[in-house]
Amino acid sequence: QGRVVESGGGLVQPGGSLRLSCAASGVVFSVGPMGWYRQSPGKQRELVATITSDATTNYGDTVKGRFTISRDNAKATVYLQMNSLKPEDTAIYYCNAIFTEISRTIRNVWGQGTQVTVSS
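Rules and cut-offs
Residues numbered from 1 in each chain as written. Predicted model: local features only at pLDDT ≥ 70, side-chain atom pairs only at ≥ 80, totals over all residues. Heavy atoms only, no water. Salt bridge = Lys/Arg side-chain N within 4 Å of Asp/Glu carboxyl O. Helix = DSSP H or I, 4+ residues; strand = E, 2+ residues; numbered from the N terminus. Buried < 20%, exposed > 50% of the residue type's maximum accessible area, 1.4 Å probe, protein only. Patch = residues over 30% accessible without salt bridge, like charges linked within 9 Å, V, L, I, M, F, W, Y side chains within 5 Å. Areas by Shrake-Rupley, 256 points an atom, 1.4 Å probe, with all protein chains shown as cover. Phe/Tyr/Trp six-rings, centres within 6.5 Å; stacked < 30°, edge-to-face > 60°. Lys NZ or Arg CZ within 6 Å of the ring centre and 35° of its normal. Core = buried A, V, L, I, M, F, W, Y, C linked by side-chain atoms within 4.5 Å. Contact = heavy atoms within 4.5 Å. Disulfide = S-S within 2.5 Å.

Enquirer: Any chance you could break down the pattern of salt bridges for me, citing the residues and the numbers?
Expert: Proximity of charged atoms lets side chains of opposite charge pair with each other. According to the stated counting rule, one finds 5 salt bridges in the structure shown. Asp-89 serves as the salt-bridge partner of Arg-38, at 2.9 Å between the closest nitrogen and oxygen. Taken together, the positions of Arg-38 in strand E4 (residues 30-39) and Asp-89 in the loop between strand E8 (77-82) and strand E9 (91-100) put the pair 51 residues apart, joining distant regions of the chain. This pair shows no difference in class: Arg-38 is buried, exactly as Asp-89 is. As a salt-bridge pair, Arg-107 and Glu-101 come within 2.7 Å of each other at their nearest N and O atoms.

Below, the structure is given as C-alpha cells:
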C-alpha cells in the first residue's frame, strides 16, 4: 500500500520562504504524477502545483512565479519551494500521488496535510 507524508509546514512572515517535502513510501510498482493542493476552512481544495514522473510541471495561477515544484525519483520525494509568501497562502497543504501497485492497480493517495501560516 502506497502512502505519502508531508513535512516542512510552519509559521512564516509575509515575503518569507518555506520548503515543503512529501515522501512517498510503500511496496508499489511505480509512482506516477505527484502534486500539492491546499485548503483553507470554508474553501474548496485548490491546485497548487503538479509534477509528472518525467518532470513536467503545472501551477495554479495564484502561485505562478513564486512557487517551484520538483521531485527526486531516487528518494521518491516531491518538494514545494514557496517564496514571496502572502497571507493568502495560509492553508493546509496536502500532497497527492498516483501509485501503480504491484498488481498494476492505479490508486490515488492523499497525505494528511501540513499547516502553512503566513502572518506578521
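Enquirer: Go over a nonpolar patch on the surface with me, naming the residues and quoting the values.
Expert: Side chains of Val-27, Phe-29 and Ile-102 sit close together on the surface and give an oily, nonpolar patch of about 320 Å² of accessible area. Tracing the backbone through its elements, the reader meets Ile-102 in the loop between E9 and strand E10 (106-110). In this structure Ile-102 comes out as partly exposed when scored by relative accessible area, which is 48%.

Enquirer: Hey, could you go over the packing of aromatic side chains for me, with residue numbers and the actual values?
Expert: Tallying each qualifying case throughout the model produces 1 aromatic pair. Centroid distance Tyr-37 to Trp-110: 5.1 Å. Interplanar angle 65 degrees. Geometry classified as edge-to-face. Linking Tyr-37 in strand E4 with Trp-110 in strand E10, this pair joins segments that are 73 residues apart in sequence. Of the residues examined, Trp-110 reaches a relative accessible area of 37% and is grouped as partly exposed. When the ring centre of Phe-29 is taken as reference, the NZ or CZ atom of Arg-104 above it lies at 3.7 Å.

Enquirer: Which residues make up the nonpolar core, and what values go with them?
Expert: The biggest cluster of nonpolar side chains holds 28 residues, and the ones touching the most others in it are Val-4, Trp-36, Leu-80, Met-82 and Tyr-93. Only strand E3 (18-25), E4, strand E5 (46-51), strand E7 (67-72), E8, E9 and strand E11 (114-118) provide two or more residues apiece to this core. When residues of this core are assigned to their parent elements, the largest contribution, 5 residues, is made by E9. When sequence neighbours within four positions are dropped, the list of residues in contact with Leu-80 reads Leu-18, Arg-19, Leu-20, Trp-36, Val-48, Ala-49, Phe-67, Thr-68, Ile-69 and Tyr-93.

Enquirer: How would you explain the state of the cysteines if you had to name every residue and give the values?
Expert: Inspection of the entire model under this criterion finds 1 disulfide. One disulfide in the model links Cys-22 with Cys-95; its S-S distance is 1.9 Å. Measuring handedness by torsion sign, the sulfur bridge of Cys-22 and Cys-95 sits at about -80 degrees and is left-handed. With Cys-22 in strand E3 and Cys-95 in strand E9, this pair connects stretches of sequence that are 73 residues apart. The class of Cys-95 is buried, set by a relative accessible area of 0%.

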